[in-house]
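Coordinate inspection notes
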Amino acid sequence: MFVSVPATSANLGPGFDTLGLAVDLRNEIIIKPSKFLSISTHGEGSDNPKIKKNTLFLSIFNENYKRLTGRTDNFRFEFHNRIPISRGLGSSSAVIVAALSAAYTTAGVRYNKREILNQALRYEHHPDNITPAVMGGFNVACVEGDRVYSKKRRLPDYLNAVVVVPNRTISTAKSRTVLPKMYRKEETVYSLSRAAYMTALFMSESWDLLRIASKDKLHQARRMKMMPELFEVQKTALKHGAVMSTLSGSGSTFFNLVYEKDAQKIHSALQSRFPQFRVFTLALDNNGVMVKS
Ligand SMILES: Nc1ncnc2c1ncn2[C@@H]1O[C@H](COP(=O)(O)OP(=O)(O)O)[C@@H](O)[C@H]1O
Ligand SMILES: N[C@@H](CCOP(=O)(O)O)C(=O)O
């Protein structure tokens, strides 16, 4: 069996814990029945003994395979990781969504993507990464009880993402602790109004107003202070024509939405200004998790 799951960029500025989209940078996992448990890891994190063990994937896969079949069986897992880890591109959501999709498929249980999404919420409590990882495209999502309610909009192929991946990690858990427990009404209204406006712009494909809609006062600047070069990354991307430029998830990656025709210029400007960081130009993804049994 083959599972492929995309990276995601959450928040998109003001849409804290609610907006997110998928990009075409995929982790792939090959799973085969085996007499013994065996794991091999390639790509991102393959030099890190903790990541190589992939306890996050295995614990979710095993728990759900057992829940669905009542059995514990052995498999051979081959992980091909392309999503940078702890960089704000939804690496943990990708693992969760892949593990659940793999467990349902190997168990031979029929499922739909909504089921995977609601199960994923048990492992990641904000829906803005898991929703695009499952569905692809741009998504607005909220949680009521133990369910995710979400709406997807497909993204056009004349837009690209230029992502700047710093050489240092920011863990999501740590990056949430730098945020205040309470917000002032003015900051809340500033971001809330832009998140609503941004959703309307994505739904109506009005890209040129995203520069205004993508501003935020809830989390970005507070988090970017942990890596002050990010202010310069944002400035450089906007100066060279990015449609919008926002901290990806909790960071450290910066996500720049660009017209395909401008992608190379923006990519080169960012790479030459920040040679220590990795820059990728990526298509946007409308498929979400894909499984071939
Ligand atoms: N490919 C992977 N293999 C194993 N574990 C992973 C992988 N990707 C992510 N993880 C787990 O998720 C953690 C990163 O989650 P998080 O801090 O939320 O970063 P991100 O912003 O990339 O989602 C890692 O420390 C690791 O425990
Ligand atoms: N809304 C979350 C998104 C975290 O995304 P990640 O890719 O950094 O895990 C947050 O802002 O904490």
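Computed from a predicted model, the values in this text were never measured in an experiment. (Residues numbered from 1 in each chain as written. Chains lettered and ligands numbered in written order. Predicted model: local features only at pLDDT ≥ 70, side-chain atom pairs only at ≥ 80, totals over all residues.)

1. Digging into the environment of Ile-29
When you line up the elements, Ile-29 lands in strand 2 (residues 19-33). Each C-alpha atom, one on Ile-29 and one on Ala-102, is 8.8 Å from the other, the two residues being 73 residues apart in sequence. In this view, Ile-29 contacts Val-3, Phe-77, Glu-78, Phe-79, Ala-98 and Ala-102; residues no more than four positions away in its chain are not counted. (Helix = DSSP H or I, 4+ residues; strand = E, 2+ residues; numbered from the N terminus. Contact = placed C-beta atoms within 7 Å.)

2. Notes on the nonpolar core
Among the nonpolar cores identified, the biggest contains 70 residues, and Val-97, Ala-98, Ala-99, Leu-100 and Val-134 are the most heavily contacted of them. At ten residues, the largest contribution of residues to this core is made by helix 3 (residues 91-107). Looking at which domains feed residues into this core, each of domain 1 (2-154 + 286-292) and domain 2 (159-283) gives three or more. The contact partners of Leu-100, leaving out residues within four places of it in the chain, are Ile-60, Asn-64, Ile-116, Gln-119 and Ala-120. (Core = buried A, V, L, I, M, F, W, Y, C linked by C-beta atoms within 7 Å. Buried ≥ 20, exposed ≤ 12 C-beta atoms within 10 Å, placed from the backbone. Domains from an automatic or database assignment.)

3. Let's talk about the sheet that holds strand 10 (residues 278-283)
One open sheet accounts for four strands, arranged 8-9-7-10; its pairing is antiparallel. With one partner strand each, in any of the chains shown, strand 8 (244-247) and strand 10 form the two edges of the open sheet. This sheet shows a mean twist of 20 degrees between the axes of neighbouring strands, independent of strand direction. The sheet contact formed by strand 8 and strand 9 (residues 254-259) spans four bridges and is antiparallel. In the strand pairing of strand 9, Thr-246 is matched with Phe-255. Each of strand 7 (159-165), strand 8 and strand 9 is contacted by helix 10 (residues 229-239), which is oriented at about 0 degrees to strand 9, the strand it contacts most. (Pairing = 2+ DSSP bridges. Axes fitted to C-alpha atoms, helices over the stretch in contact; angles between N-to-C directions.)

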